[in-house]
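Examining the three-dimensional arrangement
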Amino acid sequence: MLTIYSVSDVSRRIKQIVEGDPVLAGVWVRGEVSNFTLHSSGHMYFSLKDASARIRCVMFRGRNSRLAFTPADGMLVLAFGSVGMYEKSGDVQLYVEDMMPAGTGSLYLGFLQLRDKLAREGLFDQARKRQLPRFPAVVAAVTSPTGAAIRDIITVISRRTPGTTVLVVPAQVQGDEAPESIVKALDMVNRTALVDVVIVGRGGGSIEELWAFNDERVARAIAACRVPVISAVGHETDFTIADFVADRRAPTPSAAAEMATPDLAEVRRDVAQLALRLDAAARGVVARCRERLELAARSHVLRFPLELTREPRQALAEAEERVRASVLRTLQAGRERLGVLAAGLEARSPLGTLARGYGIVRTPVDRKIVRSVASVSVGDRVEVVLADGALGCDVAAVEEGRPDAGRRCDRGQAGL
Amino acid sequence: MQGEGATAGKLGFEQAMAELERIVSVLESGELGLEDALEAFEKGMSLVRACQEKLSQAETRIAKLVEMKDGSLATEPFRVEEGPG
């Protein structure tokens, strides 16, 4: 019995076979680009070919917008995608999801895989990254001892912060032995307590020359470093694995040296600024203490007579002691200027006044000080406070007019 | 080779600066009594002098880290040579 199939049936069978194949569901293909067209829709249509075959390819706009390069006829590429069949045209096509130049082929794939693996381990996390020290005393440089990199680092550091020490830790920076050499150098840095920050890197070069810095061992050694690491792999645009792991990344060794050290002039200014603030703050404290002392002194002068509630002699002594104690306390804590102020206080104190023979006249009942002859009349009782006691007196006469030197004032005044 | 931390009165420059900033901050807060404030001021000024002294050092020291046969680490003088970049 002859089975007759429709075109659609046959087409569908081919589609099922092709799309059911596990390899073709996600496959890397190496081939040469030809008949490349960038459609106005943004989709890319081209063929990949080799010596004996060709296959049609399409890379839709969503995918190809992320391409790091522009495909062109004749280019050798690696393309990743799935094979499918477009029934309407009968074309079996590779639906390309990712593509890259084939020059560094499997090496670049390995780089991507390692990058993703270490990223998943958290080695690139921002939280892991340490702050660089502000004023490192010793900057280590893991690099070739004969390259431009070390010369640049030394030049920049000598210019910026001359007092810093540069500790060269020689390493091979390209070739097969380079990764081990760099790891060994970083291990030496770890074993010494001298270093504050380390620069790992080399001068510019091709991506192949920089490849040691994509090595897993180097990445782990950087991650395990006890002090902050600045990677300086001499490539403006491309990032190596070392760049991702390091605490900071610099595009060149010179830039790394600038990151590692502060500018001397700036630091000088910072120190000078701190000295100014220090001086101003200290003066502020002294000024405030002086204010408080003067306030206390004034209030003591006014309040002191009212404290004579008990026996005048004892009260006087107590008041005198309080003032003296207060003054002494301040003197102990203070400096010369305060001492001078305290001495001045004593001179103005009523105790000194009394000792010199003056008396304080008060009304006995409410103890208000009598300052004016107008506030008393003949026959009033007044209290006269002297240095060593007090007198109860009756006003016998009132005489107006200021006393001047040489005239005896023996009425309504002290000494009565 | 002595670490730079051996000078500046036992404090490295970084620590000296940090301590100085702390003292200034406390003084400015106004919390200190007169005696403490003056003591802090004196300490601060000595730190300022130490920092300025360190900053006046004009020479960059360059050394090379090497491993000896017994595995210990040592430093040697380093001279920049011309060579392949």
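Our structure is the block above this text.
Below is a short write-up of the structure. (Residues numbered from 1 in each chain as written. Chains lettered and ligands numbered in written order. Predicted model: local features only at pLDDT ≥ 70, side-chain atom pairs only at ≥ 80, totals over all residues. Heavy atoms only, no water.)

Residue and element names in this part refer to chain A. Tracing the chain through its elements places Ala 149 in helix α4 (residues 148–160). Owing to a relative accessible area of 4%, Ala 149 belongs among the buried residues under this scheme. Discounting residues that sit within four places of it in the chain, Ala 149 has contacts with Thr 143, Arg 202, Gly 203 and Pro 253. (Helix = DSSP H or I, 4+ residues; strand = E, 2+ residues; numbered from the N terminus. Buried < 20%, exposed > 50% of the residue type's maximum accessible area, 1.4 Å probe, protein only. Contact = heavy atoms within 4.5 Å.)

Within the largest apolar cluster, 44 residues are counted, with the highest numbers of intra-cluster contacts made by Val 142, Ile 182, Val 189 and Val 198 of chain A. Within the residue set of this core, elements represented by two or more residues are α3 (105–121), β6 (138–143), β7 (165–170), α5 (178–191), β8 (197–201), α6 (216–223) and α7 (241–245) of chain A together with β1 (61–67) of chain B. Looking at this core element by element, the count peaks at 6 residues for α5 of chain A. Excluding its chain neighbours within four sequence positions, the residues that come into contact with Val 198 of chain A are Ala 140, Val 142, Val 189, Cys 225, Val 227, Pro 228, Val 229 and Ile 230 of chain A. In terms of nonpolar packing, the next biggest core, distinct from the first, is built from 26 residues, Val 267 and Val 271 of chain A together with Ala 16 and Leu 27 of chain B among them. (Core = buried A, V, L, I, M, F, W, Y, C linked by side-chain atoms within 4.5 Å.)

A word on the layout of surface pockets. Residues and elements named next belong to chain A. Here the second largest pocket is characterised by a volume of approximately 550 Å³. As for the second largest pocket, its lining consists of 19 residues, of which Ala 68, Met 100, Pro 101, Tyr 108 and Asp 238 are closest to the centre. Mapped onto the lining of the second largest pocket, the elements with two or more residues apiece are β5 (91–101) and α3. Counted by class, the lining of the second largest pocket contains 12 nonpolar, 3 polar and 4 charged residues. (1 Å grid on protein atoms, 1.4 Å probe; cavity = no way out; pocket = protein on both sides within 12 Å on 5 of 7 lines; lining within 4 Å. Points joined across faces, edges and corners; volume = space filled by probe spheres on them. Nonpolar A, V, L, I, M, F, W, Y, C, P; charged D, E, K, R; others polar.)

With that out of the way, let us pick up the packing of aromatic side chains. Applying the stated criterion to the full structure yields 7 aromatic pairs over all chains. Here the aromatic rings of Trp 28 of chain A and Phe 80 of chain A are separated by 5.2 Å at their centres, their planes lie at 50 degrees, and the arrangement is tilted. Taken together, the residues span a long stretch of sequence, with Trp 28 of chain A in strand β1 (residues 27–38) and Phe 80 of chain A in strand β4 (residues 76–86) at a distance of 52 residues. Under the relative-accessibility criterion, Phe 80 of chain A is labelled partly exposed at 23%. Seen in terms of ring centroids, Phe 135 of chain A and Phe 13 of chain B are 4.9 Å apart; in terms of plane orientation they differ by 75 degrees. Their pairing is edge-to-face. Of this pair, Phe 135 of chain A sits in the loop between α3 and β6 while Phe 13 of chain B is found in helix α1 (residues 13–29), placing the two residues in two different chains. (Phe/Tyr/Trp six-rings, centres within 6.5 Å; stacked < 30°, edge-to-face > 60°.)

All names here are of chain A. Relative orientation of the contacting elements α4 and helix α8 (residues 253–260) amounts to 35 degrees, with a least axis distance of 8 Å. You can see that α4 and α8 cross each other, and the crossing is right-handed. Where α4 abuts α8, its residues Ala 149, Asp 152, Ile 153, Val 156, Ile 157, Arg 159 and Arg 160 lie against Pro 253, Ser 254, Ala 257 and Glu 258. Its residues placed into classes, the contact of α4 with α8 shows 6 nonpolar, 1 polar and 4 charged. (Axes fitted to C-alpha atoms, helices over the stretch in contact; angles between N-to-C directions. Left-handed = near helix turned anticlockwise from the far one by under 90°.)

For the rest of this paragraph, the subject is α6 of chain A. Every α-helix winds through 3.6 residues per turn, so residues three or four apart in the chain are directed the same way. The complete set of buried residues in α6 of chain A reads Val 218, Ala 219, Ala 221, Ile 222 and Ala 223 of chain A. Put simply, Asp 215 of chain A is the residue that caps the front of α6 of chain A, since its side-chain oxygen is 2.8 Å from the backbone nitrogen of Arg 217 of chain A. (Polar contact = N/O pair within 3.5 Å; in protein donor to acceptor, adjacent residues only side chain to side chain.)

Before going further, it helps to examine the sheet that holds strand β2 (residues 44–49) of chain A. Residues and elements named next belong to chain A. Spatial strand order, β1-β2-β3-β5-β4: 5 strands in a closed barrel with mixed pairing. Recorded for the sheet is a direction-independent mean angle of 50 degrees between the axes of neighbouring strands. As defined by bridge partners, strand β3 (residues 54–59) adjoins β5 across 3 bridges and the pair is classed as parallel. Bridged to Val 58 within β5 is Tyr 95. Set on the sheet, helix α1 (residues 7–20) makes contact with β4 and β5; between it and β4 the angle comes to about 140 degrees. (Pairing = 2+ DSSP bridges.)

The subject of this paragraph is the interface of chain A and chain B. Facing the 52 residues of chain A at the interface are 49 residues of chain B. Together chain A and chain B conceal approximately 4,300 Å² of surface at their shared face, both sides included; 67% is due to carbon and sulfur atoms. Connecting chain A to chain B are 4 salt bridges. Here Glu 67 of chain B ties to Arg 191 of chain A by a salt bridge, and the two come within 3.0 Å at their closest N and O atoms. Linking chain A to chain B there are 14 residue pairs in polar contact (both at pLDDT 80 or more). (Buried area = accessible area lost by both parts, 1.4 Å probe. Salt bridge = Lys/Arg side-chain N within 4 Å of Asp/Glu carboxyl O.)

Residue and element names in this part refer to chain A. Here 3 strands make up an open sheet; going across it, the order is β11-β12-β13 and the pairing antiparallel. The sheet is open, and its two borders are formed by β11 (360–362) and β13 (389–394), each paired with just one other strand. Ignoring strand direction, the axes of neighbouring strands in this sheet form an average angle of 25 degrees. Alignment of strand β12 (residues 381–386) against β13, held across 6 bridges, turns out to be antiparallel. Bridging from a neighbouring strand, Val 382 pairs with Cys 393 of β13.

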